[in-house]
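Examining the three-dimensional arrangement
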Amino acid sequence: MIQHIAKWSQKRETSQVPVSMTSNTISRVRLAAILSAALTLGPAQLNAFDREDRADKAMEASMRAAERASRDSTRASKDAARAAERTRIDEIKTVEEARIQEIKANTELSKAEADAQEQAAKDAADVEEQAAKDAADAAEDAAKAAEDAAKDAADAAEDAAKAAEDAFDDSHGSSESMRDLASEESPQFDNRGFPVRRGEIVGIDVDEKSMTLAVSAGFTVIDRAQLPALGSEIIRFAAPNGMDSAAALDLMRSTDGQGSYDLSHFYGLLFTPQGGVSVKDRSNIKAKSGTLKIGMIDTGVAGHKALSKLCLQTRDFSGSIKTVPTEHGTAIASLLASEGAATIYSANIFQSGVGKPYTSADAIVRALDWMVQQQVPVINISLAGPRNKILDTLVGKASRMGHVIVAAAGNGGPTAPPAYPAALPDVVAVTAVDKDLRVYRYANQGRYVRVAALGVDVTAAAPGGKSARQSGTSFATPHVAAWMARCTGSKSPATRLKCIKRLETEARDLGEPGRDTVYGYGFIS
């Protein structure tokens, strides 16, 4: 009650008290007013004051709540603003960091691209440098090969000229040791005394116009043999009735001056076999393990223990129905096997004669064509006879195709004429020496001899499962043939030239310094 009175009196004082009154005076006035009000007001008035007071309080509470709400709202707004600002700042930072990362990534990418370009440029420069070096090396090799080829060509021309000179020079010996070949065919003889097939000549790659001329001159065709691997054809012509072989050749050459013709020469196993043969009951020939692929144009080959692990491919070109000779071919095959030959292509070209085995030029070239067809890189030939245009042409073809032909130099003695095909410029001619490196006493000598190998008193297989001691240049050729097979590996014209040059370089010089007519370039061990 007093509180309501005080408040009521305070309101009155506020409106009635002069401004000039002091605070003490106001307090006394207020107190008096309160007492006066308490005495004046009744209960009803006081209740009204109470209700007013509660309303005031409610108003004040509402105002305070509104103030708090306002303050809370303001605070919330500020907090929201601060949060938004922080979010904005964070977003700015995120964007900035992303931008920095992008810049960094772009920088790294640019650097990587620059490094890659630099490396690519360096690699390209290296490749270009290597290519230039390879080109220079290739040019150098080509120049060296050209130089070697030119030298070889010059040597070959010189050898050919000398061989041709030797072939027609009677002072180098005679063909006496071959006069008994093919006696059962009643041979005729050329102007140097070598036996030829009676009433027959041979032509190579004769065209139809030349065939017409030949027939009109009285010649008849005996046989036409295609040589597909060598890309040639050989034709055997029978001479006009009553005309001998030499006269028929003269007639054919005068009728067709553009064609290539020669006599059908006979060939033997190196003129005459020289040196004794002692046959043992048991073979002590051992094959050497290897992978070499070698061809041999020789006699037939008999079965033998020394050849049991060998892959032997055989073919007969003798055209004979008689028993095939096998003694010489068996010996050569065993020597090739002892040098590491795993596969041998053996072509028999010899017939068994009344005396010694013999063959002819057309049989030799048909066997050669088979060797070329079989891609045999090295061909071992153990026969001898006169020079023949047909044989010259086809041996040259096979050599230019990359085949290496190794042939025995001949057993006619130091004064014998050159033995063919060994004396041809493209052929590797081999002479024989004994274990003390002395030349075989019956070996041919001449400028065509290229190298020497052991061929005196060597052990070789013999028919009947036996072995024999053999001597002769043909028993030296297998060693050189195997050496060339190891060097070449496969047929290649460039490799052929390189390996022949290497053979000459690696030969151990014997006799006179440099190449000589006895040992050639020297001994092949």
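What counts, and at which threshold
Residues numbered from 1 in each chain as written. Predicted model: local features only at pLDDT ≥ 70, side-chain atom pairs only at ≥ 80, totals over all residues. Heavy atoms only, no water. Helix = DSSP H or I, 4+ residues; strand = E, 2+ residues; numbered from the N terminus. Buried < 20%, exposed > 50% of the residue type's maximum accessible area, 1.4 Å probe, protein only. Contact = heavy atoms within 4.5 Å. Areas by Shrake-Rupley, 256 points an atom, 1.4 Å probe, with all protein chains shown as cover. Core = buried A, V, L, I, M, F, W, Y, C linked by side-chain atoms within 4.5 Å. Arc of directions from axis to C-beta. Polar contact = N/O pair within 3.5 Å; in protein donor to acceptor, adjacent residues only side chain to side chain. Salt bridge = Lys/Arg side-chain N within 4 Å of Asp/Glu carboxyl O. Axes fitted to C-alpha atoms, helices over the stretch in contact; angles between N-to-C directions. Parallel < 35°, antiparallel > 145°, perpendicular 65-115°, else oblique. Left-handed = near helix turned anticlockwise from the far one by under 90°. Nonpolar A, V, L, I, M, F, W, Y, C, P; charged D, E, K, R; others polar. Pairing = 2+ DSSP bridges. Expected span 1.5 Å × (residues − 1).

1. A short note on the overall build of the chain
Helix and strand counts for the chain stand at 10 helices and 16 strands. In the chain, which comprises 525 residues, the share counted as buried stands at 43%. Taking as baseline every contact in the chain between residues at least 6 positions apart, the subset at least 24 positions apart corresponds to 75%. Summing over all exposed atoms, the chain offers an accessible surface of approximately 26500 Å²; the carbon and sulfur share of this is 53%.

2. Observations concerning the nonpolar core
In a soluble, globular protein the nonpolar side chains are often hidden away together inside. Counting 45 residues, the largest nonpolar core has Ile234, Ile297, Ile349, Leu368 and Leu394 as its most contacted members. Counting only elements with at least two residues in this core, the list comes to strand 2 (195-204), strand 3 (220-227), strand 9 (341-348), helix 7 (361-373), strand 11 (378-381), helix 8 (389-400) and strand 12 (404-408). Considering each element in turn, this core owes the most residues, 9 residues, to helix 7. Not counting the four nearest positions on each side in its chain, Leu394 is found in contact with Ile204, Leu227, Leu230, Ser232, Ile234, Val365 and Leu368. Counting 41 residues, the second largest nonpolar core, distinct from the first, contains Leu336, Ala476, Val480 and Ile500.

3. Considering helix 5 (residues 245-255)
Restricting attention to buried positions, one finds in helix 5 the residues Ser245, Ala248, Leu249 and Met252. Buried residues of helix 5, seen end-on, are gathered within an arc of 100° and therefore sit on one face of the element. Residues of helix 5 that are exposed and angled more than 90 degrees away from the buried face: Asp250 and Ser254. On its buried face, helix 5 is in contact with strand 1 (188-189), strand 2, helix 4 (208-216), strand 4 (232-238) and strand 5 (260-268). At the N-terminal boundary of helix 5, the capping side chain belongs to Asp244, with an oxygen 3.4 Å from the backbone nitrogen of Ala246.

4. Some details on the pattern of salt bridges
The full count for this structure, using the stated rule, is 23 salt bridges. Residues Glu96 and Arg99 are paired through a salt bridge, measuring 2.5 Å at the closest nitrogen-oxygen approach. One end of the pair is Glu96 and the other is Arg99, both in helix 3 (residues 43-167) and 3 residues apart, which spans about a single turn. For Arg99, a relative accessible area of 40% gives the class partly exposed. Residue Arg224 is joined to Glu233 by a salt bridge in which the shortest nitrogen-to-oxygen separation is 3.0 Å. Arg224 sits in the partly exposed class, given a relative accessible area of 38%. Here Glu233 falls in the buried class, since its relative accessible area comes to 10%.

5. Considerations on the packing of helix 9 (residues 477-488) against helix 10 (residues 493-506)
Axis separation between helix 9 and helix 10 bottoms out at 10 Å; the angle between their running directions is 125°. Considering their axes alone, helix 9 and helix 10 lie oblique with respect to each other. For the pair helix 9 and helix 10, the sense of crossing is right-handed. The segment helix 9 lies against helix 10, with Val480, Trp483, Met484, Cys487 and Thr488 engaging Thr495, Cys499, Ile500, Arg502, Leu503 and Glu506. Residue composition of the contact of helix 9 with helix 10, by class: 7 nonpolar, 2 polar and 2 charged.

6. Points about the pairing of strand 9
Regular strands place their side chains on alternate faces of the sheet. With respect to burial, strand 9 is a largely interior element, 6 of its 8 residues being buried. Where strand 7 (residues 292-298) lies against strand 9, 7 bridges are found, and the strand directions are parallel. Within the sheet, the bridge partner assigned to Lys293 lies in strand 9 and is Thr343. Where strand 8 (residues 311-316) meets strand 9, 6 bridges bridge the pair, whose relative direction is parallel. From the neighbouring strand, Leu312 faces strand 9, where its bridge partner is Ile344.

7. Concerning helix 6 (residues 327-338)
Helix length check: helix 6, at 12 residues, gives a terminal C-alpha distance of 17 Å against a target of 16 Å (1.5 Å per residue), a fit within 8%. Of all 12 residues making up helix 6, 10 are buried, and the element is well covered by its neighbours. Among all positions in helix 6, only His328, Gly329, Thr330, Ala331, Ile332, Ala333, Ser334, Leu335, Leu336 and Ala337 are buried. Where the residues of helix 6 are buried, they touch strand 7, strand 9, strand 11, strand 15 (458-462) and helix 9. Once helix 6 ends, the next one or two residues include Gly340, with phi positive near 105°.

8. Regarding unusual backbone geometry
Along the chain, Tyr420 connects to Pro421 via a cis peptide bond; the corresponding omega equals 15°. Mapping Pro421 onto the fold places it in the loop between strand 12 and strand 13 (428-433). In this model, Ser186 sits at a positive phi of 50°, which is unusual for a non-glycine residue. For Ser186, the location among the structural elements is in the loop between helix 3 and strand 1. On the basis of relative accessible area, Ser186 is assigned to the partly exposed category, the value being 40%.

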